[in-house]
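Structure assessment
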Amino acid sequence: MKILVTGGTGYIGSHTVVELQNKGFEVVIVDNLSNSSAEIVDHIEEITGVRPVLEVFDLVDREKTADFFKRHHDIAGLIHFAAFKAVGESVEKPLKYYRNNLVALMNILESMRENKIKNIVFSSSCTVYGQPDELPVSENAPIKKAESPYGNTKQISEEIMQDTIKTADIHGIALRYFNPIGAHPSALIGELPIGVPNNLVPFITQTAIGLRDQLSVFGNDYPTPDGTPIRDYIHVVDLAKAHVVAIDRMVNQKMKKDFEVFNLGTGNGYSVLEVIKAFEKVSGLKLNYKIVGRREGDVIQVWADPGYSNKELGWKAELGLEEMVDSAWKWEQAYRGKTVKP
Ligand code: NAD
Ligand code: WQD
């Protein structure tokens, strides 16, 4: 069974391609390599023994997208990861984000309709909940006004999907990820931020490897037990596996509604200082960090109620925080070709 993975050379996409291929799916990747490299396909082949097809083009290009779908009208479903994701940059360049993230989705949905392709899984985000009024946050929690154009693209994308699905023979699943971290246990694929990382774990591992002098901890005066913000970190391999389950649910017609939403989190919240402690434990290193002022736009605390996903998808995140940071650290060292001993 053939599955299209857009953004399949990216961080979460590449891990998902591995899990799909492990389950026997045939994968075609579309990526414009704006935030990834074609070599990832070699690494996927090394892990799985199967080389996925990669087509390089921009999904914002309507004609190229239409041409692709005409040639691949036999795909059983697709997972749409391709998007820009830097929250800060989206505030500086909103149109870059609206164009890329929304036009690509619209082109895909149009081509799905034209070619009678029925199934789409979409990468959404817990950012749609903002600071939830109740924790843990379930799929029924209200959507809060987006803090950034990036976050807004996720909200609007879910709406575009819902409206389209009402009028076409298309089924959709939006997966709302909490904080994906970690890397494949082979250390052959992982997260590769361009430039200075915005996210916590890549900043930690880049500091430990010597690429950054110091990690800034953005505030310890929040109303949390240790004063630092709390997030639901989820291992990227657990996340990837949930996509295979979602695709399976769609192609085997197990959906309860034409458009479904699932939270992908562990249900456990960890503070910034707890993540640092876990890293120090698994690496045996002392991390150079400093408490600085709060980062604008950060929510205080958010973690998932994964109960509905656990029950309906029969999926559960299995890997713990130490396995997450350990795999991220092994990937950082493998990627830099450098081992850092305690
Ligand atoms: P990533 O940047 O590593 O992967 C995205 C891939 O899409 C990249 O390889 C990029 O080259 C490609 N791409 C972007 N625009 C494209 C276009 N117009 N045409 C073709 N290819 C294009 O990001 P990721 O972390 O793997 O995220 C994947 C998805 O998950 C994104 O939609 C992101 O918004 C969403 N998401 C990510 C996180 C996170 O923390 N990483 C959290 C929630 C949701
Ligand atoms: C986690 C915690 C920071 C870096 C972002 C997006 C969100 C989603 C996931 C896509 C926070 C603290 C971080 C640093 C720090 N992406 N931190 N020093 O902010 O929860 O979510 O990525 O949908 O939309 O906003 O993740 O990893 O940036 O931060 O102290 O150098 O680490 O303040 O408390 P965040 P993050």
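Look up a bit, the structure's there.
Quick look at the structure, then. Only a predicted model underlies this, so the values are computations on that prediction, with no experimental measurement involved.

The angle between the axes and the distance between the axes are what describe a pair of packed helices. Close contact between helix H7 (residues 200–209) and helix H9 (residues 272–283) brings their axes to 11 Å; oriented N to C, the two are set at 40 degrees. Taken together, the axis directions place H7 and H9 in an arrangement best described as oblique. When the axes of H7 and H9 are compared, the crossing they make is right-handed. Contacts between H7 and H9 involve Leu200, Val201, Ile204, Thr205 and Ala208 from the former and Val272, Val275, Ile276 and Phe279 from the latter. Partitioning the contact of H7 with H9 into residue classes produces eight nonpolar, one polar and no charged.

Let us look at the site of ligand 2. Close to ligand 2 lie 19 residues; Ser125, Tyr150, Ser216, Arg231 and Asp298 are nearest. The backbone of Leu200 places a nitrogen or oxygen atom 2.9 Å from an oxygen atom of ligand 2. Phe218 is positioned such that a nitrogen or oxygen atom in its backbone is 2.9 Å from an oxygen atom of ligand 2. Burial of ligand 2 by the protein amounts to 87% of the accessible area it has alone, namely 690 Å². Every element with two or more residues in the shell around ligand 2 is listed here: H7 and strand E8 (215–218). The element that contributes the greatest number of residues to the shell around ligand 2 is E8, accounting for four residues. Here the shell around ligand 2 is built from residues that sort into ten nonpolar, six polar and three charged. Residue-level mapping places the shell around ligand 2 at the junction of two domains, with at least three residues from each of domain 1 (2–181 + 234–264) and domain 2 (200–231 + 267–304 + 319–333).

Below, the discussion takes up helix H11 (residues 321–336). An α-helix turns once per 3.6 residues; consequently, residues spaced three or four apart project the same way. Helix length check: H11 (16 residues) gives 23 Å between terminal C-alpha atoms against 22 Å at 1.5 Å per residue, within 8%. Among the residues making up H11, those that are buried are Leu321, Met324, Val325, Ser327, Ala328, Trp329, Trp331, Glu332 and Gln333. Among the structural elements, strand E7 (179–181), H7, strand E10 (233–235), strand E12 (270–271) and H9 are those in contact with the buried residues of H11. In the segment just after H11, Gly337 is the residue with positive phi, at about 65 degrees.

Further remarks concern unusual backbone geometry. A cis amide bond links Leu135 with the next residue in sequence, Pro136, at an omega value of -5 degrees. You will see that Lys116, though not glycine, has its phi angle at about 55 degrees, which is positive. Positive phi outside glycine occurs at Gln253, with the angle close to 55 degrees. As for its placement among the helices and strands, Gln253 is situated in the loop between helix H8 (236–251) and strand E11 (259–264).

Bringing the site of ligand 1 into the picture now. Close to ligand 1 lie 27 residues, the nearest being Asp31, Asn35, Ser36, Asn100 and Tyr150. Taking Asp31, its side chain carries an N or O atom lying 2.6 Å from an oxygen atom of ligand 1. A distance of 3.0 Å separates a nitrogen atom of ligand 1 from a polar backbone atom of Asn32. Coverage of ligand 1 by the protein amounts to 95% of the 820 Å² it exposes when considered alone. Elements with a minimum of two residues in the shell around ligand 1: helix H1 (11–22), strand E5 (119–125) and helix H6 (149–167).

Rules of the game
- Residues numbered from 1 in each chain as written.
- Chains lettered and ligands numbered in written order.
- Predicted model: local features only at pLDDT ≥ 70, side-chain atom pairs only at ≥ 80, totals over all residues.
- Heavy atoms only, no water.
- Axes fitted to C-alpha atoms, helices over the stretch in contact; angles between N-to-C directions.
- Helix = DSSP H or I, 4+ residues; strand = E, 2+ residues; numbered from the N terminus.
- Parallel < 35°, antiparallel > 145°, perpendicular 65-115°, else oblique.
- Left-handed = near helix turned anticlockwise from the far one by under 90°.
- Contact = heavy atoms within 4.5 Å.
- Nonpolar A, V, L, I, M, F, W, Y, C, P; charged D, E, K, R; others polar.
- Near = heavy atom within 4 Å.
- Polar contact = N/O pair within 3.5 Å; in protein donor to acceptor, adjacent residues only side chain to side chain.
- Areas by Shrake-Rupley, 256 points an atom, 1.4 Å probe, with all protein chains shown as cover.
- Domains from an automatic or database assignment.
- Expected span 1.5 Å × (residues − 1).
- Buried < 20%, exposed > 50% of the residue type's maximum accessible area, 1.4 Å probe, protein only.

Honestly, it's all geometry; don't read function into it.
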